[in-house]
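Here are the chains, one letter per residue:
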Amino acid sequence: MAYRRIEMIEGRRRSWRRKRQQTMVLDVDGLPVEVHERPPGSEWNGHYRQRMYHAVIASCAETGGLLDGDLHPGARHLGKVTLKFTLRVVDRVRGRLCGSVTVRLDVGFPEPGLLEGLESRGVPYIARIRKNPVLDRMAKPYLTHPLGRSPEESRQ
């Protein structure tokens, strides 16, 4: 259950009214929101080691503009709530703000239900996956820098 809704799509639509984009990359991320005391709905999250809310947000990757967001209890895994959230945002953004949408998902979000939902709508996506030793081993001959490091960090 979402505790608060953040909707900014209408404001974005007004600001882009004159210059409609052809394509948009919709970036879906989780955001831990640390709280103090014990506000209603906040929970202890053992992974982050803090009392928090867990927000899922959607933003336009090209502009960084926030499009939508949901706030959830801190101990809840966002992979389960991302399905409805992402498909709702995709359906509203496509047609209103741009012609086509590509979705970029952070690690932990690519669940089969969400990917099937995007595929059924014909929405391309790219998702970061968790560390996988088998894939790391297969990719090693093609890497020019150590795993998990950018080329700039490798040179230092």
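A short tour of the structure in this document, coming up. Keep in mind that what you see is a predicted model, and the values were worked out from it rather than measured.

With that settled, consider unusual backbone geometry. Despite not being glycine, Glu37 shows a phi value in the positive range, around 65°. For Glu37, the location among the structural elements is in the loop between β2 (21-34) and β3 (43-45). We classify Glu37 as exposed; its relative accessible area is 72%.

A few words now on a nonpolar patch on the surface. A cluster of nonpolar residues, Ile129, Val134, Leu135 and Met138, forms a patch on the protein surface that exposes about 380 Å² of accessible area. Among the secondary structure elements, Ile129 is positioned in the loop between β7 (125-127) and α4 (133-139). When its relative accessible area of 52% is taken as the criterion, Ile129 is described as exposed.

Next up on the list: the pairing of strand β4 (residues 50-60). Among the 11 residues in β4, 10 count as buried, and that is most of the element. Of the pairings in the sheet, the one linking β2 to β4 comprises 9 bridges and is antiparallel in character. Within the sheet, the bridge partner assigned to Glu34 lies in β4 and is Met52. In this structure, the hairpin formed by β3 and β4 is closed by a connection of 4 residues, where Arg49 is found at a positive phi of approximately 55°. Bridge count between β4 and strand β5 (residues 66-73): 7 bridges; the pairing is antiparallel. From the neighbouring strand, Ala55 faces β5, where its bridge partner is Leu71. Where β4 folds back on β5, the antiparallel hairpin that results is connected by 5 residues, among which Gly64 adopts a positive phi of roughly 80°.

Our next topic: the pairing of β2. Direction of pairing for β2 relative to strand β6 (residues 98-105): parallel, over a ladder of 7 bridges. Bridging from a neighbouring strand, Val25 pairs with Thr102 of β6.

According to the stated counting rule, one finds 7 salt bridges in the structure shown. Close ionic contact of Asp27 with Arg104 constitutes a salt bridge, the shortest N to O distance being 3.1 Å. Here Arg104 lies in strand β6 and Asp27 lies in strand β2, a separation of 77 residues in the sequence. Judged by relative accessible area, which is 14%, Asp27 ranks as buried. Assessed through its relative accessible area of 35%, Arg104 is described here as partly exposed. Between Asp68 and Arg88 there is a salt bridge, and its shortest N-O distance comes to 3.5 Å.

Here is what the cut-offs are and how they apply
Residues numbered from 1 in each chain as written. Predicted model: local features only at pLDDT ≥ 70, side-chain atom pairs only at ≥ 80, totals over all residues. Heavy atoms only, no water. Helix = DSSP H or I, 4+ residues; strand = E, 2+ residues; numbered from the N terminus. Buried < 20%, exposed > 50% of the residue type's maximum accessible area, 1.4 Å probe, protein only. Patch = residues over 30% accessible without salt bridge, like charges linked within 9 Å, V, L, I, M, F, W, Y side chains within 5 Å. Areas by Shrake-Rupley, 256 points an atom, 1.4 Å probe, with all protein chains shown as cover. Salt bridge = Lys/Arg side-chain N within 4 Å of Asp/Glu carboxyl O. Pairing = 2+ DSSP bridges.

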